[in-house]
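A look at the structure
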Amino acid sequence: MKLILLGPPGAGKGTQAKRLVELLNIPQLSTGDMLRAAVAAGSDVGRKAKAVMDAGGLVSDEIVVGIIGERIRSDDARSGFILDGFPRTVAQAEALDHLLEQRGLKLDRVIELKVDEAALLARIERRAAETVAAGGTVRADDNPEAFKVRLEAYRAQTAPVSAYYARSGRLSAVDGMAPVATVAAAIDAALA
Ligand code: ADP
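Let us look at the structure shown here. (Residues numbered from 1 in each chain as written. Predicted model: local features only at pLDDT ≥ 70, side-chain atom pairs only at ≥ 80, totals over all residues. Heavy atoms only, no water.)

This part is about the pattern of salt bridges. Two side chains with opposite charge may pair up if their charged atoms get near one another. Overall, the coordinates contain 14 salt bridges when judged by the stated rule. The partner of Asp188 in a salt bridge is Arg19, with the nearest N and O atoms 3.0 Å apart. Highlighted residues: Asp188 in helix H8 (residues 180-191) and Arg19 in helix H1 (residues 13-24), separated in sequence by 169 residues. Residue Arg19 is classed as partly exposed on the basis of its relative accessible area, which comes to 26%. Between Asp33 and Arg36 there is a salt bridge whose closest N-O contact spans 2.9 Å. A residue pair is termed a helical-turn pair when its members lie 3 or 4 positions apart in one helix, as Asp33 and Arg36 do in helix H2 (residues 31-41) at three residues. A residue is classified by how much of its surface remains accessible, and Arg36, at 28% relative accessible area, is partly exposed. Linked by salt bridges that have partners in common, Arg127, Arg139, Asp141, Asp142 and Arg150 make up one network. (Salt bridge = Lys/Arg side-chain N within 4 Å of Asp/Glu carboxyl O. Helix = DSSP H or I, 4+ residues; strand = E, 2+ residues; numbered from the N terminus. Buried < 20%, exposed > 50% of the residue type's maximum accessible area, 1.4 Å probe, protein only.)

Structure (structure tokens):
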């Protein structure tokens, strides 16, 4: 099963991806996690990405397509994967189609989590507070200023990605404002 989870920051993609990893026994490929790992490791990619990520902007298509292209070639991704946070631009979606086509693979489904934007900032603030309470470190971009930029990037650059998949009949929209279990059931129904 090769899936994409689409939705604005704070929509609950990570929560649903983790559940699907267990259920389907395929890896979650999160470009956000991969980029944060690159930043932590101080690699070339990490150095290039850090400032734009902290500010809430999008890292270049070239960088993210490069890391995803490499990642989907690894052994554990052979029977499928859940893409979380990628593609974020139509150019990335086209590059992904191309990468899959080259390997004779096809995407099974794109799930879009639809959420009310007004609720998102509150979710992000709660996530930051929960992280602090658990003794963790809050993401550098989980603050209201960077969040506004992330939401703007989503509207301008990622919203067209859902139209791209809708045109080819690959999109299922799910109400991301419902309780987690209801969202999960709707996703399972879309995949059945
Ligand atoms: P979010 O909670 O906003 O969904 P992610 O963890 O997916 O956050 O991504 C964090 C940041 O990493 C983004 O704001 C962006 O700077 C960068 N990033 C992640 N994936 C991509 C991508 N596919 N294209 C460009 N930038 C990306």
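We are not done yet, so read on.
Right, let's talk about the side chain of Thr158 for a bit. Relative to the helices and strands, Thr158 is located in helix H7 (residues 144-167). With relative accessibility at 3%, the residue Thr158 sits in the buried group. Of note is the side chain of Thr158, whose polar atom sits 2.7 Å from the backbone oxygen of Arg88. When near neighbours in sequence (up to four residues on either side) are disregarded, Thr158 contacts Leu6, Pro87, Arg88 and Ala153. (Polar contact = N/O pair within 3.5 Å; in protein donor to acceptor, adjacent residues only side chain to side chain. Contact = heavy atoms within 4.5 Å.)

Another aspect to go through is the side chain of Ser162. Counting through the fold element by element, Ser162 comes out in helix H7. Take Ser162: its relative accessible area is 11%, and that puts it in the buried class. Non-local contacts of Ser162, meaning those with residues more than four positions away in its chain, are made with Leu6, Glu112 and Leu171.

Looking now at the pairing of strand E3 (residues 81-84). Neither face of E3 is open: one carries Phe81 and Leu83, the other Ile82 and Asp84, and all of them are buried. Both strand E1 (residues 2-6) and E3 contribute to a ladder of four bridges, which runs parallel. Bridging across to E3, Leu3 finds its partner in Ile82. Summarising the sheet, strand E2 (residues 28-30) and E3 pair through three bridges and their orientation is parallel. If you follow Leu29 over to E3, its bridge partner there is Leu83. (Pairing = 2+ DSSP bridges.)

To continue, consider the packing of H2 against helix H4 (residues 61-71). Interhelical geometry of H2 versus H4 gives an angle of 100 degrees and a closest axis separation of 11 Å. Between H2 and H4, the angle is such that the two are roughly perpendicular. Of the residues in H4, those touching H2 at Thr31, Met34 and Leu35 are Ile63, Val64, Ile67, Ile68 and Arg71. Considering only residue class, the contact of H2 with H4 consists of six nonpolar, one polar and one charged. (Axes fitted to C-alpha atoms, helices over the stretch in contact; angles between N-to-C directions. Parallel < 35°, antiparallel > 145°, perpendicular 65-115°, else oblique. Nonpolar A, V, L, I, M, F, W, Y, C, P; charged D, E, K, R; others polar.)

Around the ligand, the surrounding shell holds 19 residues, and the nearest of these are Thr31, Arg36, Gly57, Gly85 and Gln92. Arg36 is positioned such that a nitrogen or oxygen atom in its side chain is 2.9 Å from an oxygen atom of the ligand. Gly57 places a main-chain nitrogen or oxygen 2.5 Å from an oxygen atom of the ligand. Isolated, the ligand exposes 550 Å² of accessible area, and the fraction of that covered by the protein chains is 96%. With four residues, the single largest contributor to the shell around the ligand is H2. Its residues assigned to classes, the shell around the ligand shows seven nonpolar, five polar and seven charged. (Near = heavy atom within 4 Å. Areas by Shrake-Rupley, 256 points an atom, 1.4 Å probe, with all protein chains shown as cover.)

The next thing to look at is the pairing of strand E4 (residues 109-114). Bridging between E1 and E4 involves four bridges; their strand directions are parallel. Bridged to Ile4 within E4 is Val110. Relative to strand E5 (residues 171-175), E4 runs parallel, the two sharing five bridges. Counterpart to Lys114 in the pairing with E5 is Asp175.

Function cannot be read off these values alone, since they describe shape.
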